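Chain and residue survey
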Amino acid sequence: MVVMAGTIAFCALAVDDSPPAQAFFVREQPLPPGPRITPFLQYQAEQAWSEDNDRIKAWDAIQNERELLKTQSELRQKLLQMIGGLPEVKTDLRARVTGRIQMDGFTIEKLIFQSLPGVYVTALVYVPDDHSRKHPAVLVPAGHAADGKFHYQALSQRLVGRGYVVISWDPLGQGERSQFWDAAAGKSHYNLICGEHAVMGNLAYLAGANLARWEIWDGIRAVDYLLTRPDVDGERISITGTSGGGTQAALIAALDQRIKVAVPSCYISALPMRISNRIFADPDSDPEQDLFGMISNGVDHPGLLLLMYPRPVLVAAAVLDFFPIEGTRKTVREVRRLYERFAHGDRIALAEGYHAHQFSSENQEAALDFLDHFNQMPVGHGLPPAKELAGKTLQCTETGQVMLDYNDAKSLMSVIQEYYDEHKAESTRSLAKGYYGDRYNGVKDWKVSEYASVPAGREQITWESVGIWSSGGVSIDRYMLHHSELLEMPLLHIHKSAADKRTVLLWFSESGKATAADWPEIKKYIDEGYDIVSFDFRGLGENRMPYTAVSPDDPALGALDFDHAYVNSISGVLASHVYNSLLIGRPYFLQMIEDAEIAGRFAHEKLGAKAAAVTAPGDGYTLASAIAETLPGIKLLPKSDARVLKWSEIVEQKRETWPIQYLLPSGAYVH
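Small disclaimer: the values here were computed from a predicted structure and weren't measured.

1. Thoughts on the overall build of the protein
Across its full length, the protein carries 19 helices and 20 strands. Relative to its length of 671 residues, the protein is compact, with a C-alpha radius of gyration of 27 Å against a globular reference of 26 Å. By principal-axis analysis of the C-alpha atoms, the protein measures approximately 95 × 60 × 45 Å. Put simply, the protein has 671 residues, and 62% of those count as buried. Restricting the contact set of the protein to residue pairs at least 6 apart, pairs at least 24 apart contribute 72%. Of the accessible surface of the protein, which amounts to about 24800 Å², a share of 50% is contributed by carbon and sulfur atoms. Across the protein, the mean location of the 65 positive side-chain charges is 4 Å away from that of the 84 negative side-chain charges.

And the structure:
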């Protein structure tokens, strides 16, 4: 780290003149542009690996199958809790076939069913022409493709060619199930790959659930539908999918024991590795893949696979995937040890292809052979060519969108609001209780000392004085704080040069510490008798990674100016940090409160002044209010032009976008 040194003096300036821009910077030079492992990203990865080690220790202690099944039961309960549970009632599917297409040796049925009242699922069912016997069935949840189920015709045709009844459906926000369709423009307000998932998923977090809840439910109801068919053998139901379909395959199989064989493709890895690479390789927001506490609860991808024990599972992987192959190998190796320990080693396998993110021909063939073996089917050979049809030919709805076809169709945003309404009477939460819970780092007792050119300890703050600007009786003292072993905090102490120690006001904007543009407001508080302590939160201000994460699905997002691209909730660096924080069990919003407590601790121990007040302009006022509500002895200074953003209002109003840094799971229940 390179910081400023010395004193900047501009004695010729009048007291009302603004300080120069450089007086507000702590680093002498900004971080070089481009992707980099910042201290914050490294901190998140280290936290994840530490939690992963705890899981491994717990698994190593498993001595017998009874203990394994107990662990499995605990994992299942944790998974259910992380997604907000599943619906308690299976309502009428109201399934109907809207058309049939005869192909060579099989028929494609166009199916629409309701997984919940008003939640319409569009699906294609591939049925062998041989009606002399019951057939095994395979679910093929669609991965991240704008055209949803249409994209997986080849895989579905190859499966039906081997004698399976196949059902492939559109996930929420894809294909014929856009939740934000603009009929006049003929397109979604967001991209139909991950964009709609981000909007729905972020709202679901606030309501204490996860988008995965409803994706899993669609799959469970697809199984229910298959069991109504006389041509399906209900004892031989399998699932396979790739990318987002691999996510669904793993989650659905983990929670539905009726699925006997699972083949997730291009998803299984190790989440600490995803924390390290997602910004650079796959920055799109995908809340259904980021369950709150997924690593800290000891689940991660190994836990999903263990929930399938002792059922057969093949993991298909791509060596050049953005889901790191080293994580895939590590995860399969750990779960295989448990399968082997209890004489089921032949039921778990890994197929690797040397290619990028795709369900390649070689992996598909391995998947089909695996399915054939465990479904007692004649093992086929090779992959016959598929005759793919145009999307409109396979369209299940008249208009191409369920939200246009059905007057009673419910947007998932409304379903999330209903979920919140059902739970709000029984679930009220305290922000302070959440902050000071079992993941509180004990900042109030941390030691504060001068920086000695070595990393700070885990429970230590070391400060480094890096320069002073002074003019007209006002000084801006600049510090770099080091804490939590890896993290840095640029901090300003703005005060009257000759005054006695005064009450400290914590001041920041939604972007971090004060800048030259904020001087008129800062000077107002100085004149009112406050010392100002202003600081950059982890991941904001001078702690930002100077890199624009370009979405492969929506390149226009990468064309935004840096400031807006960085905080974009559909695909951005800050969003990736926010989701990483969820995985390790400490929401970013609470970490920002922790940064305020660290700044206050420094002020008390080094400056000899107590932080007694906090305020912020614009969107920062919501965080200021939360700090005052959480940290004892700090009051909120009111601002006539500011208002607190309420999580409950976001859910009730079904707001689509809001500052991503304010994502707090179950925040809608905080009062």
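Following the structure, the description resumes.
2. Comments concerning unusual backbone geometry
Excluding glycine, residues mostly carry a negative phi; peptide bonds, for their part, are mostly trans. Of note, the bond from Tyr-309 into Pro-310 is cis; its omega dihedral lies within 30 degrees of zero at -5°. Structurally, Pro-310 can be placed in the loop between helix 8 (300-306) and strand 11 (313-318). The phi torsion at Cys-266 lies on the positive side, around 50°, for a residue other than glycine. As for its placement among the helices and strands, Cys-266 is situated in the loop between strand 10 (261-265) and helix 7 (271-281). What makes Cys-266 buried here is its relative accessible area of 1%. Positive phi, close to 65°, is recorded for Ala-343, a residue that is not glycine. Examined against the element boundaries, Ala-343 turns out to sit in the loop between helix 9 (325-341) and strand 12 (348-353).

3. Describing the packing of helix 7 against helix 16 (residues 573-583)
Packed helix pairs are characterised by how far apart their axes lie and by the angle those axes make with each other. Orientation of helix 7 relative to helix 16, taken along the N-to-C sense of each, is 170°, at an axis distance of 9 Å. It follows that helix 7 is roughly antiparallel to helix 16 by the angle criterion. On the side of helix 7, the interface is formed by Leu-271, Ile-275, Arg-278 and Ile-279, while helix 16 contributes Val-573, Ser-576, His-577, Tyr-579, Asn-580 and Leu-583. Of the residues in the contact of helix 7 with helix 16, the class split is six nonpolar, three polar and one charged.

4. Quick look at the pattern of salt bridges
Going through the model one piece at a time under the given rule, you end up with 38 salt bridges. Note that Arg-278 is salt-bridged to Asp-290, the shortest N-O span being 2.7 Å. On the criterion of sequence distance, the pair formed by Arg-278 in helix 7 and Asp-290 in the loop between helix 7 and helix 8 is long-range, its members being 12 residues apart. Per residue, the accessibility class of Arg-278 equals that of Asp-290, and both read buried. The structure contains a network of salt bridges with shared partners spanning Lys-90, Arg-221, Asp-224, Asp-256 and Arg-258.

Calculation notes
Residues numbered from 1 in each chain as written. Predicted model: local features only at pLDDT ≥ 70, side-chain atom pairs only at ≥ 80, totals over all residues. Heavy atoms only, no water. Helix = DSSP H or I, 4+ residues; strand = E, 2+ residues; numbered from the N terminus. Rg over C-alpha atoms; globule rule 2.2 N^0.38 Å. Buried < 20%, exposed > 50% of the residue type's maximum accessible area, 1.4 Å probe, protein only. Contact = heavy atoms within 4.5 Å. Areas by Shrake-Rupley, 256 points an atom, 1.4 Å probe, with all protein chains shown as cover. Lys, Arg positive; Asp, Glu negative; His and termini not counted. Charge placed at Lys NZ, Arg CZ, Asp CG, Glu CD. Axes fitted to C-alpha atoms, helices over the stretch in contact; angles between N-to-C directions. Parallel < 35°, antiparallel > 145°, perpendicular 65-115°, else oblique. Nonpolar A, V, L, I, M, F, W, Y, C, P; charged D, E, K, R; others polar. Salt bridge = Lys/Arg side-chain N within 4 Å of Asp/Glu carboxyl O.

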